[in-house]
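Secondary and tertiary structure notes
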Amino acid sequence: MLRIGEFSQIARVSGRLLRYYDEIGLLSPQSIDPETGYRYYSARQLPRLNRILVLKELGLSLEHIARLLDQETSVDEIRGMLTLRKAQIEQSVQQEMERLRVVESRLQQIDTHGQMQEPDVILKAVPATPFLGLRDVLPGMDAIQHLVRRIATAVPAMVGRNSLGHITIIIHSPMYDPEALDVEVGYLLTQKGPQSVELSEGCRLTLRTLPAIETMATLAHVGRVSDSHRSYGALATWMEHHGWQMSGAGRDILIQLPQSEEQDEAVIEIQLPVTRLGHPAHLI
């Protein structure tokens, strides 16, 4: 089972939205601890959440969405409505095109749920690693991607590529908030590096050591950055099936940066620190 913050990170929706959906009876937790009041969700609830998000993107009211869910609207019916919405979005500006890609990805996640082969998850120990990074609260994924591009352009010229590993993103926010993400972005170092690098005035990367992780569940995501929620969902389902639970802040290792605005060529190793269910979690 996943706490609300963990489910928020896996599903890539805000905890505030999950609480609201719970209040109106649209998506309630799988269980609530009677002693602590903690909300617990299951990866099996992702298909319902994705249906809600798709119908919401179609412009339907939450009351209408609730009725459609109660009527068990088929994927084909949802696909028909989504096709109509797609035609409208294609006539809008470039910013709307990104919304379309997100809608299509959510729909594909619904289609493939229960049909996908078990993902190629690798459990491994990760040693303590020097990390030259910058931590900030940013207003969404676009701002994070902009910072990644700045770092990828400026840092190699100042530090030299020989000491640089992959760019890594660490999301410290206890739950996913698209308007205020507490993130740390920078380079893993393969050898000794500088104590700090000034990216611009008031914007400085500093050196620290990422702690060793005894067990990290990892999965490679290949494709658009905006589709990474599908791989997060597959990893969460695998963890739940095999008896693992999240135990700290995850890391996105950018093996290959997107080469165009379409972001089709990105390769990201998703890393989530895990412990066996019932074992104490050691937070990062």
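Described below are features of the structure shown in this document. (Residues numbered from 1 in each chain as written. Predicted model: local features only at pLDDT ≥ 70, side-chain atom pairs only at ≥ 80, totals over all residues. Heavy atoms only, no water.)

Examining the overall build of the protein chain
Secondary structure summary: the protein chain contains eight helices and 13 strands in total. Across the 284 residues that make up the protein chain, the buried fraction comes to 49%. Relative to all contacts within the protein chain whose residues are 6 or more apart in sequence, the contacts with residues 24 or more apart total 72%. Element-wise, carbon and sulfur atoms account for 50% of the exposed surface of the protein chain, whose accessible area totals about 14700 Å². (Helix = DSSP H or I, 4+ residues; strand = E, 2+ residues; numbered from the N terminus. Buried < 20%, exposed > 50% of the residue type's maximum accessible area, 1.4 Å probe, protein only. Contact = heavy atoms within 4.5 Å. Areas by Shrake-Rupley, 256 points an atom, 1.4 Å probe, with all protein chains shown as cover.)

Some words on the pattern of salt bridges
Within this structure, the stated rule accounts for six salt bridges. Of the charged contacts in the structure, one is a salt bridge between lysine 124 and glutamate 269, with a shortest N-O distance of 3.0 Å. Here lysine 124 is found in strand 4 (residues 122-126), whereas its partner glutamate 269 is found in strand 13 (residues 267-276), with 145 residues between them in sequence. Residue lysine 124 is classed as partly exposed on the basis of its relative accessible area, which comes to 31%. Here aspartate 182 ties to arginine 135 by a salt bridge, and the two come within 2.7 Å at their closest N and O atoms. Placement of the pair is aspartate 182 in strand 7 (residues 181-189) and arginine 135 in strand 5 (residues 129-138), with a sequence separation of 47 residues. (Salt bridge = Lys/Arg side-chain N within 4 Å of Asp/Glu carboxyl O.)

Observations regarding the pairing of strand 8 (residues 196-200)
Alignment of strand 8 against strand 9 (residues 203-210), held across four bridges, turns out to be antiparallel. Residue serine 200 lies in a different strand from strand 9, and its bridge partner there is cysteine 203. As consecutive antiparallel partners, strand 8 and strand 9 are separated by two residues, and within that stretch glycine 202 has a phi angle of approximately 80°, a positive value. (Pairing = 2+ DSSP bridges.)

Digging into the pairing of strand 9
Across five bridges, strand 5 lies against strand 9 in antiparallel orientation. Counted as the bridge partner of phenylalanine 131 is arginine 208 from strand 9.

A few points about the sheet that holds strand 3 (residues 39-41)
The strand order across the open sheet built from three strands is 1-3-2, with neighbouring strands paired in antiparallel fashion. With partners counted over all chains shown, the strands left at the sheet margins are strand 1 (2-3) and strand 2 (31-32), one partner each. Here strand 2 runs beside strand 3; their pairing, made up of two bridges, is antiparallel. Within strand 3, the position partnered with isoleucine 32 by the bridge is arginine 39.

Section: the side chain of aspartate 182
One polar contact links aspartate 182 to arginine 135, side chain to side chain, over a distance of 2.7 Å. Among residues more than four places away in sequence, those in contact with aspartate 182 are Arg135, Asp136, Val137, Ile170, Ile171, His172 and Ser173. (Polar contact = N/O pair within 3.5 Å; in protein donor to acceptor, adjacent residues only side chain to side chain.)

Quick look at unusual backbone geometry
You will see that arginine 12, though not glycine, has its phi angle at about 65°, which is positive. Structurally, arginine 12 is set in the loop between helix 1 (4-11) and helix 2 (15-23).

With respect to helix 4 (residues 62-70)
Along helix 4, the positions that sit buried rather than exposed are Ile65, Leu68 and Leu69. The arc enclosing the buried residues of helix 4, seen along the axis, measures out at 100°, which places them on a common side. Opposite the buried face of helix 4, at more than 90 degrees from it, the exposed residues are Glu63 and Asp70. (Arc of directions from axis to C-beta.)

Remarks on the packing of aromatic side chains
What the rule picks out here adds up to two aromatic pairs. Judged by centre distance (4.7 Å) and plane angle (10°), the rings of phenylalanine 7 and tyrosine 41 are stacked. In this pair, phenylalanine 7 sits in helix 1 while tyrosine 41 sits in strand 3, placing the two residues 34 residues apart along the sequence. Note on phenylalanine 7: relative accessible area 0%, which makes it buried. The interplanar angle of 40° and the centroid separation of 6.4 Å between the aromatic rings of tyrosine 20 and tyrosine 21 together place this pair among those described as tilted. Across from the ring centre of tyrosine 38, 4.2 Å away, lies the NZ or CZ of arginine 3, which sits over that ring. A cation over an aromatic ring shows up here: arginine 12 above the ring of tyrosine 232, its NZ or CZ 4.1 Å from the ring centre. (Phe/Tyr/Trp six-rings, centres within 6.5 Å; stacked < 30°, edge-to-face > 60°. Lys NZ or Arg CZ within 6 Å of the ring centre and 35° of its normal.)

Quick word on the packing of helix 1 against helix 2
Viewed as axis vectors pointing N to C, helix 1 and helix 2 meet at an angle of 110°, and their least axial separation amounts to 9 Å. Classified by the interaxial angle, the pair formed by helix 1 and helix 2 is roughly perpendicular. For helix 1 against helix 2, the interelement crossing comes out right-handed. Along the contact surface, helix 1 presents Ile4, Phe7 and Ser8, while helix 2 presents Gly15, Leu18 and Arg19. Among the residues forming the contact of helix 1 with helix 2, the class breakdown is three nonpolar, two polar and one charged. (Axes fitted to C-alpha atoms, helices over the stretch in contact; angles between N-to-C directions. Parallel < 35°, antiparallel > 145°, perpendicular 65-115°, else oblique. Left-handed = near helix turned anticlockwise from the far one by under 90°. Nonpolar A, V, L, I, M, F, W, Y, C, P; charged D, E, K, R; others polar.)

Function cannot be inferred from these measures alone, as they are strictly geometric.
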